[in-house]
Amino acid sequence: MNYLFQMVVVSLLLFCLSLHSQDLPKASFAKIGDLKETEWGPVSENEGVAFRSVLAGKKGEFAFTKWWGDTIRPPYGERYILEIKFQDKVKRPAIVSSFGGIGNYLGSSELHRIGGSGDGKWKTAYVPVSWDLMMLKSGEKVIRFYIANTDKEIDLPCADILIRKAILPADQVRYESESRAWVKKEFSEIEAKMEAPKTELALGDKYKNKVLIPFARAYYDKIERLDVPTLEEVEGRVYIRASLNEYEPGTFGVHALQDVQNVTFEVSDFTNKEGKLDCKVELSAMEYVAMERKNKDGSKSLIYSSERLWTAFPENLKKGENAWFWITIKTEEGKSKPGTYEGKVTVIADKIKEEINVRVDILPLKLLTMDEAGLWMGGCVSGLVSEQEMMTMKEYNHNMINLWIAGAKPEMKKGKDRVELGFYYLDDFMRLCNKTGQNRIVWFLGGNPPAFPHTLTLERELYSIFYEKPQDEFFKILQAEDKRSKIIPEVRDLYKNFISDLVNHGEKNKWPELIFTPFDEPVKYSKPVIDNKYKYAVGTGLWTREHFKDSCDAIHEASPKTKVYISMHHNWVRAPFGRVGETFLPHVDIVNTNAIDEDPDLNRKVLDKGKEFWQYSGTRGGRYNFGFYFGVHESTGSLCWAYNWGPRFNSSGTKEAQYAYNSPFKTIVTPEYELFREAWDDRRYLATYMALAKKKGVDTKEFFASIKKEVIQNLSEATVDKVEVFYVKELDKNKLESIRAKLAQKIIDLSK
């Protein structure tokens, strides 16, 4: 759809909003009786408007009786708009949130930011909320919302609130536009320092009078804001190749030779002589944000960071800047027919129109799904995540979630001989996991070893709850070195009961498979390190190794069939230990490493013992790491640090810990997420070939060895750093495409 037309639709739909407000809550903040005086100011009046103010620096809570029936969440797919009338006196945006039963420590879920201009005008904010970002708290019948006034000096007057049903696409277009606007404003001081690009295009006379120049570039080769396209790219075409059950992107840039407003694009049908390609098409645009990045030498650089992909939106470009647009197709067996299709993109800005051709090849093959291939991928989440996020995970080849007990745990209280567990929130979450194909949960019961004994999250909480003592008392006990190597006797039975009670409840209620790990990266025992941010930290040592092993044994004692996992970030040789990771092998069932190059035989050492072998990396691991590099080492699962450990729409300090954001309308993804999906599509191609070859009785050793050699030779040694960076990169991005093409042809040949 042309987005100028879409904005007209917005205006027309807003005219009819009153038709969608019946039987939904509305109220004056001045008349809501249970607002807390510590959060809200007294009833006041200004310009004939009655209001109560969220006090400076406070988070004002308000609630409505649920309006949707007997369930703890609204019906699937329901979205609403909170229309909030407020006086915009504050100098920083206020944050509106809801209780959604998700997030770190089951905190509130940010919905939108409002105000912040400080102009003193009465305004109406339109705050969206979706069914999966609303949940009744345990034992309650009201849904809770919050307005956090982030201005610590000025109160925020709020007059009225009305809830209505959301209207698509109007409300989504406005929400996404306003979200990008507040992000841009937050980084506006940095953007003001950015220098105008000085590089001139070398494309010849043919292009010198153009205003906009579209150019083709593969999705895995980032288009930065100030990149200069080559003649080959300008004269190229967008290319997409997909199987019969695959998401696959094609991307192109638009380079501005003058300042230009409202740059959008349209995509034609993809056709051949037999007709139109039947597939789903999603159009997206990249959000660039001006940021300050630290360099390795301590200096700082100003960059435009490619941050998030939104539903395609009009771009305003300055001379020398690029827009980065995405066309993603989703094929479906039985509908999408194999063949070569042609189409075109039309770039539009006012009266300017430019075109770029598109070719789509649909291959006559169907890939195994992640589950069919026995492959597992999951990100480390800071807490429970929303249903829409889990739906996106499935689409992006994620079928597993990595929880951390600090941010996601059952309700816990003191019982007679154990800490009793409650499952109100987890039952709902696990139900949604099953619904969305998240079939395994890796649960970290502790954190980073240098913080030991703070590392022992579950143990310290069990001790504190059961003995009704502060956690400091637990930490003091473990100051004695002879108390560190095992779970202390006061906690051991509590620990085992926690595991058995959790597993038994999960099995009874058909949860996904639960996998536990006592804490993260225990191999750090081989190099003493103390995290002095923690008051009682004694750091790493032999006790780290022994405590981890003892905890693994306790988990197996409590639940013999439950698998225990280890993040083994090293198996290198260190005196006096020898290979530092192998000591854990008898105690675990799944070994996950990010350092296979330090011990290329580790995979066989694990697999030959009948255990699962995985490999992990970070958000910069990209397609090469999670794809063929891990695949040729025969790993079947991966973890990524981290999925959402960062602030809202702001990766300035957490670029390596965030690759998706929830929203009331859809998951907002990043270029890193796109590369992860394609990495696991590479793995699906490899798994499909191996399975088909086995079925046909074809020996794969020689071909697999050739692929492995090609992948290893494509490794850039300059990026091999497992402690500070823990990812590796490829020398040639295009090599991954050529390997996928070889596998595709092998599959097609074997299928004849």
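Thresholds applied
Residues numbered from 1 in each chain as written. Predicted model: local features only at pLDDT ≥ 70, side-chain atom pairs only at ≥ 80, totals over all residues. Heavy atoms only, no water. Helix = DSSP H or I, 4+ residues; strand = E, 2+ residues; numbered from the N terminus. Rg over C-alpha atoms; globule rule 2.2 N^0.38 Å. Buried < 20%, exposed > 50% of the residue type's maximum accessible area, 1.4 Å probe, protein only. Contact = heavy atoms within 4.5 Å. Lys, Arg positive; Asp, Glu negative; His and termini not counted. Charge placed at Lys NZ, Arg CZ, Asp CG, Glu CD. Polar contact = N/O pair within 3.5 Å; in protein donor to acceptor, adjacent residues only side chain to side chain. Expected span 1.5 Å × (residues − 1). Pairing = 2+ DSSP bridges. Axes fitted to C-alpha atoms, helices over the stretch in contact; angles between N-to-C directions. Core = buried A, V, L, I, M, F, W, Y, C linked by side-chain atoms within 4.5 Å. Phe/Tyr/Trp six-rings, centres within 6.5 Å; stacked < 30°, edge-to-face > 60°. Parallel < 35°, antiparallel > 145°, perpendicular 65-115°, else oblique. Nonpolar A, V, L, I, M, F, W, Y, C, P; charged D, E, K, R; others polar. Left-handed = near helix turned anticlockwise from the far one by under 90°. Disulfide = S-S within 2.5 Å. Salt bridge = Lys/Arg side-chain N within 4 Å of Asp/Glu carboxyl O.

## Remarks on the overall build of the protein
Okay, so step 1: In terms of regular secondary structure, the protein is built from 16 helices and 39 strands.
Okay, so step 2: The globule rule puts the C-alpha radius of gyration for 752 residues at 27 Å, and the 27 Å found for the protein is close to it.
Okay, so step 3: Projected onto its principal axes, the C-alpha positions of the protein cover 75 × 75 × 55 Å.
Okay, so step 4: Going through the 752 residues of the protein one by one, you find that 58% of them count as buried.
Okay, so step 5: In the protein, the share of contacts with a sequence separation of at least 24, taken over all contacts with a separation of at least 6, comes to 74%.
Okay, so step 6: Both charge centroids of the protein, one from 109 positive and one from 109 negative side chains, sit 1 Å from each other.

## Describing the side chain of H112
Okay, so step 1: Structurally, H112 can be placed in strand 7 (residues 108–114).
Okay, so step 2: Here the side chain of H112 touches E178 through a polar contact of 2.8 Å, side chain to side chain.
Okay, so step 3: The contacts of H112, once residues within four sequence positions are left out, are A94, I95, V96, Y126, V127, P128, Y175, E178 and S179.

## What about helix 7 (residues 424–435)?
Okay, so step 1: The end-to-end C-alpha distance of helix 7 is 17 Å, a good match for the 16 Å that 12 residues give at a rise of 1.5 Å each.
Okay, so step 2: Contacts from the buried residues of helix 7 go to strand 6 (94–99), helix 6 (387–395), strand 24 (400–404), strand 25 (411–414), strand 27 (440–444) and strand 28 (513–517).

## Here's the deal with the sheet that holds strand 7
Okay, so step 1: Pairing in this open sheet of 4 strands is antiparallel, and the strands run 4-9-6-7 from one edge to the other. Looking along the sheet, the strands with just one partner apiece sit at the ends: strand 4 (59–65) and strand 7. Direction aside, neighbouring strands of the sheet carry axes that sit 25° apart on average.
Okay, so step 2: Direction of pairing for strand 4 relative to strand 9 (residues 142–148): antiparallel, over a ladder of 7 bridges. Opposite F62, over in strand 9, you have F145 as the bridge partner.

## Comments concerning the pairing of strand 23 (residues 376–379)
Okay, so step 1: Of the two faces of strand 23, the one carrying W376 and G378 and the one carrying M377 and G379 are both buried.
Okay, so step 2: Across 4 bridges, the pairing between strand 23 and strand 35 (residues 637–641) is parallel. Within the sheet, the bridge partner assigned to G379 lies in strand 35 and is C640.

## Observations concerning the nonpolar core
Okay, so step 1: Counting 153 residues, the largest nonpolar core has F145, I147 and W443 as its most contacted members.
Okay, so step 2: The leading source of residues in this core is helix 14 (residues 671–696), at 11 residues.
Okay, so step 3: If you look at the next biggest cluster of nonpolar residues, it comprises 48 residues, including W182, L244, Y304 and A349.

## Describing the environment of V183
Okay, so step 1: Within the secondary structure layout, V183 lies in helix 2 (residues 170–186).
Okay, so step 2: It is 40 Å that separates the C-alpha atoms of V183 and E333, two residues lying 150 residues apart in sequence.

## Structural notes on the packing of aromatic side chains
Okay, so step 1: Counted according to the given criterion, the structure contains 46 aromatic pairs.
Okay, so step 2: Relative to F64, the ring of F62 has its centre 6.1 Å away and its plane inclined at 80°; by these criteria the two rings are edge-to-face. Just as F62 is buried, F64 falls in that class too.
Okay, so step 3: When the ring of W641 is compared with that of W645, the centres are 4.8 Å apart and the planes differ by 50°; the resulting orientation is tilted.
Okay, so step 4: In this structure W641 comes out as partly exposed when scored by relative accessible area, which is 28%.
Okay, so step 5: Note on W645: relative accessible area 29%, which makes it partly exposed.
Okay, so step 6: By way of ring pairs, the aromatic residues Y396, Y624, F626, Y629, F630, Y643, Y659, Y673 and F676 are connected into one cluster.

## Considering helix 8 (residues 457–467)
Okay, so step 1: With 9 of its 11 residues buried, helix 8 lies for the most part within the structure.
Okay, so step 2: Those residues of helix 8 lying buried are T457, L458, E459, R460, E461, L462, Y463, S464 and F466.
Okay, so step 3: Considering only its buried residues, helix 8 is in contact with strand 25, strand 26 (419–422), helix 9 (471–477), helix 10 (489–508) and helix 11 (542–558).
Okay, so step 4: With its phi angle positive at about 55°, E468 sits one or two positions after the end of helix 8.

## Observations concerning the packing of helix 15 (residues 701–713) against helix 16 (residues 734–751)
Okay, so step 1: Between helix 15 and helix 16, whose axes approach to 11 Å, the crossing angle comes to 170°. On the basis of the axis angle, helix 15 is roughly antiparallel to helix 16. Residue-level inspection shows F703, I707, E710 and V711 of helix 15 in contact with helix 16, the latter providing K735, S738, I739, K742, L743 and K746.
Okay, so step 2: In the contact of helix 15 with helix 16, the residues fall into 5 nonpolar, 1 polar and 4 charged.

## Concerning the packing of helix 13 (residues 622–631) against helix 16
Okay, so step 1: Contact pair helix 13 / helix 16: the axes reach a minimum separation of 11 Å and the direction vectors enclose 30°. Put simply, helix 13 runs roughly parallel to helix 16. Classified by chirality, the crossing of helix 16 by helix 13 is left-handed. Mapping the contact onto sequence places R623, Y624 and F628 in helix 13 and L736, E737, I739, R740 and L743 in helix 16.
Okay, so step 2: Partitioning the contact of helix 13 with helix 16 into residue classes produces 5 nonpolar, no polar and 3 charged.

## Description of the state of the cysteines
Okay, so step 1: Scanning the entire structure with this criterion turns up 0 disulfides.
Okay, so step 2: With no disulfide partner, C640 has as its closest neighbouring cysteine sulfur the one in C380, 7.4 Å distant.

## Thoughts on the pattern of salt bridges
Pairing between side chains becomes possible if they bear opposite charge and their charged atoms approach one another.
Okay, so step 1: A full pass over the atoms with the stated rule returns 64 salt bridges.
Okay, so step 2: Ionic pairing is found between D269 and K276, a salt bridge with its closest N-O pair at 3.8 Å.
Okay, so step 3: Residue classification places D269 among the partly exposed residues on the basis of a relative accessible area of 46%.
Okay, so step 4: On the basis of relative accessibility, which here comes to 56%, the residue K276 falls in the exposed class.
Okay, so step 5: Linking K300 and E292 is a salt bridge whose minimum nitrogen-to-oxygen distance equals 3.6 Å.
Okay, so step 6: By relative accessible area, E292 is classed as partly exposed at 37%.
Okay, so step 7: The structure contains a network of salt bridges with shared partners spanning R241, E246, E248, R623, E674, R677, E678, D682, E737 and R740.

## Description of the side chain of T346
Okay, so step 1: The topology assignment puts T346 in strand 21 (residues 339–349).
Okay, so step 2: Beyond its immediate chain neighbours, meaning those up to four positions away, T346 contacts T264, F265, E266, K353, E354 and E355.

## So, unusual backbone geometry
Okay, so step 1: With omega at 5°, the peptide bond leading from F452 into P453 counts as cis.
Okay, so step 2: Of note, the bond from A575 into P576 is cis; its omega dihedral lies within 30 degrees of zero at 0°.
Okay, so step 3: In this structure, E521 is a non-glycine residue whose phi angle is positive, near 40°.
Okay, so step 4: Relative to the helices and strands, E521 resides in the loop between strand 28 and helix 11.
Okay, so step 5: A relative accessible area of 12% places E521 in the buried class.
Okay, so step 6: At F649, a residue that is not glycine, the phi angle is positive and equals roughly 50°.
Okay, so step 7: You can see F649 is positioned in the loop between strand 35 and strand 36 (660–661).
Okay, so step 8: With relative accessibility at 1%, the residue F649 sits in the buried group.

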